[in-house]
Amino acid sequence: MLFRSSLGQALREGGRGRLSPARLLNLPYVGYLPILLGAAGCHQLTALLHLCNAILFRRILRRLDWPDSRATAAAAIFLTSPWIAQATMWWSASPAVVATLLFLAGVEFYLRSAAPGRRGAVCLAAAAGCFFLQLLFYELWTAGVVLLAAIEMRRPGGWRGRCMRLGVASLAGVAYAAWRLAAHHADVNQDRKSTRLPVTQ
């Protein structure tokens, strides 16, 4: 019962008592995983997720017709570059690793969304879901739609299909922004009510 109430408090902390998308999954991830896994387990998990990110990154580059040697070299740089690998050393920054994993998984699904029929639609929906979830962990890849647009420029097909795929993928960011603005507006209204002076006779 205590765990459930504290988890609910952690989820609402970004919105002053109301659910806010601002790092909604960040606080429970950082706060409760050390209790479940311990310090060593948490760092092992982060290192494993970082390795998965590199594998996904290489797979995406191969789908974009990069030669095998160049894709492998890029994945190695991804693994060792300080500005990416440093999140594996600091637990407070570890949600960035999860956000990167979800973003890369979204890109992988997005690349598959050009398949005809139901399979393409399911992959596109999965891509939008991954993009939305990664924003709940860390607002790290908010400009990811620019990368998707660059990918679309290299893919065959008409502009109608490209714009449709980009539009559906962008819905994740639009939904997140709308939720974030609504939560912020509610906070501003609460601040105004709490600071309003009582009327004296």
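Refer to the preceding data block for the structure.
This section reports on the structure supplied with the text. (Residues numbered from 1 in each chain as written. Predicted model: local features only at pLDDT ≥ 70, side-chain atom pairs only at ≥ 80, totals over all residues. Heavy atoms only, no water.)

**Some details on the packing of aromatic side chains**
(1) Moving on: In the structure shown here, the tally under the stated rule is four aromatic pairs.
(2) Moving on: When the centroid spacing of 5.7 Å and the interplanar angle of 85° are considered together, the rings of Tyr-29 and Phe-137 count as edge-to-face. Of this pair, Tyr-29 sits in helix H2 (residues 26–63) while Phe-137 is found in helix H6 (residues 118–137), placing the two residues 108 residues apart along the sequence.
(3) Moving on: Each ring, one from Phe-57 and one from Phe-78, has its centre 5.1 Å from the other, and the planes form 25°; the classification is stacked. Taken together, the residues span a long stretch of sequence, with Phe-57 in helix H2 and Phe-78 in helix H3 (residues 68–80) at a distance of 21 residues. (Phe/Tyr/Trp six-rings, centres within 6.5 Å; stacked < 30°, edge-to-face > 60°. Helix = DSSP H or I, 4+ residues; strand = E, 2+ residues; numbered from the N terminus.)

**Focus on unusual backbone geometry**
(1) Moving on: Positive phi values are uncommon outside glycine, yet Asp-65 reaches one of about 70°.
(2) Moving on: With respect to the element layout, Asp-65 can be found in the loop between H2 and H3.
(3) Moving on: Classification of Asp-65 by relative accessible area gives exposed; the value is 68%. (Buried < 20%, exposed > 50% of the residue type's maximum accessible area, 1.4 Å probe, protein only.)

**Topic: the nonpolar core**
(1) Moving on: In terms of nonpolar packing, the biggest core is built from 20 residues, with Ile-60, Leu-104, Val-107, Tyr-110, Leu-111, Phe-131 and Leu-148 touching the most fellow members.
(2) Moving on: For this core, the secondary structure elements donating two or more residues are H2, helix H5 (95–112), H6, helix H7 (144–154) and helix H8 (159–195).
(3) Moving on: Per-element tally for this core: the top contributor is H5, with six residues.
(4) Moving on: The contact partners of Leu-111, leaving out residues within four places of it in the chain, are Ile-60, Arg-63, Leu-64, Ile-151 and Arg-155. (Core = buried A, V, L, I, M, F, W, Y, C linked by side-chain atoms within 4.5 Å. Contact = heavy atoms within 4.5 Å.)

**A closer look at H6**
(1) Moving on: End to end, H6 covers 29 Å across 20 residues, agreeing with the expected 28 Å (1.5 Å per residue, within 8%).
(2) Moving on: The complete set of buried residues in H6 reads Gly-120, Cys-123, Leu-124, Ala-127, Ala-128, Cys-130, Phe-131, Gln-134, Leu-135, Leu-136 and Phe-137. (Expected span 1.5 Å × (residues − 1).)

**Focus: the pattern of salt bridges**
(1) Moving on: Tallying each qualifying case throughout the model produces six salt bridges.
(2) Moving on: A salt bridge links Arg-112 to Glu-108, with the nearest nitrogen and oxygen atoms 3.2 Å apart. You can see Arg-112 and its partner Glu-108 sitting in helix H5, four residues apart, about one turn around the helix.
(3) Moving on: The class of Arg-112 is partly exposed, set by a relative accessible area of 26%.
(4) Moving on: For Glu-108, a relative accessible area of 6% translates into the label buried.
(5) Moving on: Each of Arg-59, Arg-63, Glu-108 and Arg-112 takes part in salt bridges that share partners, so that together they form one network. (Salt bridge = Lys/Arg side-chain N within 4 Å of Asp/Glu carboxyl O.)

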